[in-house]
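# Structure at a glance
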Amino acid sequence: MTDITFGLDTFGDVPSDDSGAPLSHAAAIRQVLHEAVIADELGVDVIALGEHHRPEYSISTPETVLAGIATRTSRIRLASGVTVLSSDDPVRVFQRFATVDALSNGRAEVILGRGSFTESFPLFGYDLADYDKLFEEKIELFVKLLDERPVTWSGTVRAPLDQADVYPKTESGRLSTWVGVGGSPQSVVRTAHYDLPLMLAIIGGAPDRFAPYIDLYKRAAEQFGTTAHPVGMHSPGFVADTDEEAREGFWPGYKIMRDRIGATRGWPPISRSEYDAEIAHGSLYIGSPETVARKIAKAVGTLGVARFDLIYSVGPQPVGARTKAVELFGGKVIPMVRDLLGDRS
């Protein structure tokens, strides 16, 4: 069986301290650094930091935090999860991640996305009417930059380039790049067209409903003559010593964040029965190390993915419980999943 890699994914959600008071954004960022160091020591393969521009989250520039993590870790890969390319400049994104790559001795990777949250568009002066065009043109340019040769490019969303050479270069000659997709067939096909690996955001419902997207990715790659790279997935979850502790500890913060986001998207407030059903049958990986490991192994085996990232922070969770979740994921869950998949193979 193909070796599976495991990651931890966070948007830098602002956690609470022991008294229930929220940390400052600055303290929340330092907490992510602390968790990344623990993950590195425990053998977690990847730490992925998402980009947000909302008060509930502390990380708006993942690559800046990753640069700090680079200097405190030795082996863990440093990813975005995701970089909203549509509202950024491809040249600057490449330069910033190439810099992280240098600081980390080649451990950087960027996961590009269109953005399920749209706050960055008005913040940086982009029109949401151009949502699709912005990503299509900018990913075309970014893929050219990955060759690390002078680039000539023209489009409608930024100034053209004429034999522009972009620095710094990476030592490997290629910056590791994925595309994050939430369920759009067009995005899956686009990823195959540009010969990039696919990262599926599976945040609700049974994981097996995403199997057709993986099949589409493989068929599209075959038609384009590109490579069907190993596929990854990321999903939310939380690990504690027991199933009850994980479910009860995660629920209050999860409901706060889920309802806050849902209010902007027309979703009704989530009920406890929906939450419990998502744990039992859907894409919430919540429980003891044994429970979470079994569920991850089942999803990985069903979909045949080569990477699983756990979104381990959702809402204002207590900082101590969050730290413990990182320790349990790296120290217990990952070895258990590897054993389960090894037995199955």
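Here's a quick rundown of the structure. (Residues numbered from 1 in each chain as written. Predicted model: local features only at pLDDT ≥ 70, side-chain atom pairs only at ≥ 80, totals over all residues. Heavy atoms only, no water.)

### What about the overall build of the protein?
- The helix and strand tally for the protein stands at eleven helices and twelve strands.
- The principal-axis extents of the C-alpha atoms in the protein amount to approximately 60 × 45 × 45 Å.
- Split into buried and exposed, the 345 residues of the protein put 54% on the buried side.
- Within the protein, contacts between residues at least 6 apart in sequence are counted, and of these 73% link residues at least 24 apart.
- For the protein, the accessible surface area stands at approximately 14,400 Å², while carbon and sulfur atoms represent 53% of it.
- Positive and negative side-chain charges of the protein, numbering 35 and 46 respectively, have mean locations separated by a distance of 1 Å. (Helix = DSSP H or I, 4+ residues; strand = E, 2+ residues; numbered from the N terminus. Buried < 20%, exposed > 50% of the residue type's maximum accessible area, 1.4 Å probe, protein only. Contact = heavy atoms within 4.5 Å. Areas by Shrake-Rupley, 256 points an atom, 1.4 Å probe, with all protein chains shown as cover. Lys, Arg positive; Asp, Glu negative; His and termini not counted. Charge placed at Lys NZ, Arg CZ, Asp CG, Glu CD.)

### Observations regarding the packing of aromatic side chains
- Considering all chains together, one arrives at ten aromatic pairs under this definition.
- Taken together, the ring pairs in this structure connect Phe-238, Phe-250, Trp-251, Tyr-254 and Tyr-275 into an aromatic cluster.
- Seen from the ring of Tyr-285, Lys-295 lies directly overhead, with NZ or CZ sitting 5.1 Å from the centre. (Phe/Tyr/Trp six-rings, centres within 6.5 Å; stacked < 30°, edge-to-face > 60°. Lys NZ or Arg CZ within 6 Å of the ring centre and 35° of its normal.)

### Remarks on helix 8 (residues 243–265)
- Taking 1.5 Å of rise per residue, the 23 residues of helix 8 would be expected to cover 33 Å, and the 30 Å separating its terminal C-alpha atoms lies within 8% of that figure.
- If you check which residues of helix 8 are buried, you get Ala-246, Phe-250, Trp-251, Gly-253, Tyr-254, Met-257, Arg-258, Asp-259, Ile-261 and Gly-262.
- In this structure, the buried residues of helix 8 make contact with strand 10 (232–239), helix 9 (272–281) and strand 11 (285–287).
- Looking one or two residues past helix 8, Gly-266 carries a phi angle of roughly 80 degrees, positive in sign. (Expected span 1.5 Å × (residues − 1).)

### Regarding the nonpolar core
- Among the nonpolar cores identified, the biggest contains 83 residues, and Leu-8, Ile-139, Phe-142, Leu-200, Ile-296 and Phe-329 are the most heavily contacted of them.
- Among the nonpolar cores identified, the runner-up in size contains 19 residues, and Phe-11, Tyr-57, Ala-240 and Ile-261 belong to it. (Core = buried A, V, L, I, M, F, W, Y, C linked by side-chain atoms within 4.5 Å.)

### So, the pattern of salt bridges
- Using the criterion set out here, one finds 23 salt bridges in the structure.
- Notably, a salt bridge pairs Asp-45 with Arg-75, separated by 3.7 Å at the nearest N-O pair. Pair noted here: Asp-45 is in the loop between helix 1 (25–42) and strand 2 (46–49) and Arg-75 is in the loop between helix 2 (62–70) and strand 3 (77–80), with a separation of 30 residues, a long-range link.
- Glu-136 is the salt-bridge partner of Arg-190, the closest N and O atoms lying 2.8 Å from each other. Linking Arg-190 in helix 6 (residues 185–193) with Glu-136 in helix 5 (residues 131–145), this pair joins segments that are 54 residues apart in sequence. (Salt bridge = Lys/Arg side-chain N within 4 Å of Asp/Glu carboxyl O.)

### Quick word on unusual backbone geometry
- Val-82 follows Gly-81 through a cis peptide bond whose omega is 15 degrees.
- For the peptide bond that leads from Tyr-167 to Pro-168, omega is 5 degrees, which places it in the cis range.
- Relative to the elements of secondary structure, Pro-168 occurs in the loop between strand 7 (161–164) and strand 8 (176–181).
- The backbone of Glu-148 sits at a positive phi, close to 60 degrees, despite the residue not being glycine.
- Checked against the element boundaries, Glu-148 lands in the loop between helix 5 and strand 6 (151–153).
- With phi around 60 degrees, Asp-195 is a residue other than glycine that occupies positive phi space.
- Judged by its relative accessible area of 31%, Asp-195 is partly exposed.

### Comments concerning the layout of surface pockets
- When its volume is computed, the largest pocket comes out at roughly 1,200 Å³.
- Looking at the largest pocket, it is lined by 46 residues, and the ones nearest its centre are Ser-116, Phe-117, Ala-201, Ile-203 and Arg-265.
- Ranked by the residues each element gives to the lining of the largest pocket, the list is headed by helix 8, at five residues.
- Residue composition of the lining of the largest pocket, grouped by class: 23 nonpolar, 14 polar and nine charged.
- In this model, the second largest pocket occupies a volume close to 390 Å³.
- Lining the second largest pocket are 18 residues, and of these Ala-280, His-281, Gly-282, Lys-295 and Lys-298 lie nearest its centre.
- Of all elements in the fold, only helix 8, helix 9, strand 11 and helix 10 (289–303) reach the threshold of two or more residues within the lining of the second largest pocket. (1 Å grid on protein atoms, 1.4 Å probe; cavity = no way out; pocket = protein on both sides within 12 Å on 5 of 7 lines; lining within 4 Å. Points joined across faces, edges and corners; volume = space filled by probe spheres on them. Nonpolar A, V, L, I, M, F, W, Y, C, P; charged D, E, K, R; others polar.)

### A few points about the side chain of Lys-295
- With respect to the element layout, Lys-295 can be found in helix 10.
- We note that Lys-295 is buried and unpaired, the nearest opposite charge coming from Glu-278 at a distance of 6.3 Å.
- In this structure the side chain of Lys-295 is engaged in a polar contact, spanning 2.5 Å, whose partner is the backbone oxygen of Ile-279.
- There is a polar contact of 3.0 Å between the side chain of Lys-295 and the backbone oxygen of Gly-282.
- Excluding its chain neighbours within four sequence positions, the residues that come into contact with Lys-295 are Glu-278, Ile-279, Ala-280, His-281, Gly-282, Ser-283, Leu-284 and Tyr-285. (Polar contact = N/O pair within 3.5 Å; in protein donor to acceptor, adjacent residues only side chain to side chain.)

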